[in-house]
Amino acid sequence: MKHRYIITALLWLALVPLLAGCSRAFTIKGNIKGVGSQMLRVVYYTPQGVKDALIPASADRFEYKAPLEADDWTLVYLYDMQSQVVARFAVERGSTVKVRGDLGQRHRLEVKGPDVDEQWYKFMAEHAALYDSPDHSQLDRLIEKQAASHPADLLSTLLVLCDYSKLNNAAQASRLLAGLTHKPAGLMAAYTAIHRRVARKAASIGSLLFYESGGDYAAFDPATAQASLLCLWTGNSGSLAQQAAQLKQWSSAYGSRLLLADVCLDADTSAWRGTIAAAGGTWRHYWAPAGPLDRQLLGLDIQSTPLYVVTDARGKIVYNGDQPARVAASLARLLK
C-alpha cells in the first residue's frame, strides 16, 4: 500500500508541469469557409518579443496552441497567404478561442471564447457595413461613443487600439485612449509591437493599378521614367489645392523624366473630379477605392496626408514622408 501511495505521488508530480503548461497556453481553433488548405500566419506578442508562426489549414479547419510567458492579455493576429487579416483576438493564459464563418465575411465571424472577444465580434457583426466601408468616419464616431460611455470596458480599449482610424486622426485617438481606465500593460505593448512590425515601410514599389479620372483603371509604373513621385491626399488634409502649386513646379522642371501622379484616398468621390479639375496640372489623377487600406499601399505605412513617395527607375523608395523640401532634394539627386 505504501508503495502505491509513493507511485501515485510520483505520477502526480510528473503531471503537474504538464498541467501547468496547458494552463499557460492559449488555443485558437478555426473552421472558416474559404480558407481551404493553405498556410496561415499567426502573429502575437510576448514579453520576449513578437512571435510569428505558420499554421497548416486543411479543408477550412486549423488549430494553433502556444504558451504565454506572462500572466496578462495580449493580441493575436491571423493572416492568410495574401497577408490579409483573417481574424484578431485578445487572449490570456488558458484562453481557448473558437472561430467559424466565411472568409468573405470577416466582420461577421462567430467567435466563442473570452467574453471580450465575443463582445468584439458581436460589435463587428452589428456594424459590419461600417467596417466594410472605405469611409471609416461613421465607425470612428461609433467607437468614440463607446469609449465615452464605457471607459472601463476592455472592449473599448480594443476598439480604440485596433479599429479606430488613425489616418490624420492620431491626436484624437491618443485622447480617446487616455480617457480609458482598463488598459492592460500586455495588451498595450502587444498593439505597439505588432503594429510597428506589420506596418514596416516597404523598400520599393512595383507597378500600381488605380482608378483614373477618365473612368478606367490605369497603371502607375516607376520603370517608365527616371524617377517617380506619388502624392497621396485626402479632403481633410487641405485637399489637393495646397499641393498643386508645388506639383506643377516639379512637373514643369523635370518633364517626361519624372512620372508624377496624385492619389485621392477619400471614400467619397463626389468632390474628387471637381478638386482635380481645380488643381489643374498635366500629371495623372488617381483614386484608390480602398483608401489607405488598399493592399498596394499598405507598405507605405500611411499615417497622415499629404504623403509624398519618391522612387528611382527601379521602384526603390528614396523618400516617404510629408516634407516638400526633402522631396525636392530627392528629385534633384535622381534627376541631376
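The notes below deal with the structure included here.

So, the pairing of strand E12 (residues 258–264)
Right, on to step 1. Among the seven residues in E12, seven count as buried, and that is most of the element.
Right, on to step 2. Alignment of strand E11 (residues 227–233) against E12, held across seven bridges, turns out to be parallel. By the bridge assignment, Leu230 is partnered in E12 with Ala261.
Right, on to step 3. The sheet contact formed by E12 and strand E13 (residues 284–287) spans four bridges and is parallel.

Brief notes about the sheet that holds E12
Right, on to step 1. In space, the seven strands of this open sheet follow the order E10-E9-E13-E12-E11-E14-E15, with mixed pairing throughout. The open sheet has two edge strands, strand E10 (217–220) and strand E15 (317–321), and neither has a second partner. The average undirected angle you get between the axes of adjacent strands in this sheet is 30°.
Right, on to step 2. In the packing of helix H8 (residues 241–254) onto the sheet, contacts are made with E11, E12 and strand E14 (307–312), and the angle to E11 comes to roughly 170°.
Right, on to step 3. Helix H10 (residues 324–334) contacts E11, E12, E14 and E15 of the sheet and is inclined by roughly 10° relative to E14.

What to know about the environment of Ala185
Right, on to step 1. You can see Ala185 is positioned in helix H7 (residues 185–198).
Right, on to step 2. With relative accessibility at 57%, the residue Ala185 sits in the exposed group.
Right, on to step 3. Sequence-wise, Ala185 and Trp73 are 112 residues apart; in three dimensions their C-alpha atoms are separated by 7.9 Å.

Calculation notes
Residues numbered from 1 in each chain as written. Predicted model: local features only at pLDDT ≥ 70, side-chain atom pairs only at ≥ 80, totals over all residues. Heavy atoms only, no water. Buried < 20%, exposed > 50% of the residue type's maximum accessible area, 1.4 Å probe, protein only. Helix = DSSP H or I, 4+ residues; strand = E, 2+ residues; numbered from the N terminus. Pairing = 2+ DSSP bridges. Axes fitted to C-alpha atoms, helices over the stretch in contact; angles between N-to-C directions. Contact = heavy atoms within 4.5 Å.

As far as function goes, none of this settles anything; it's purely spatial.
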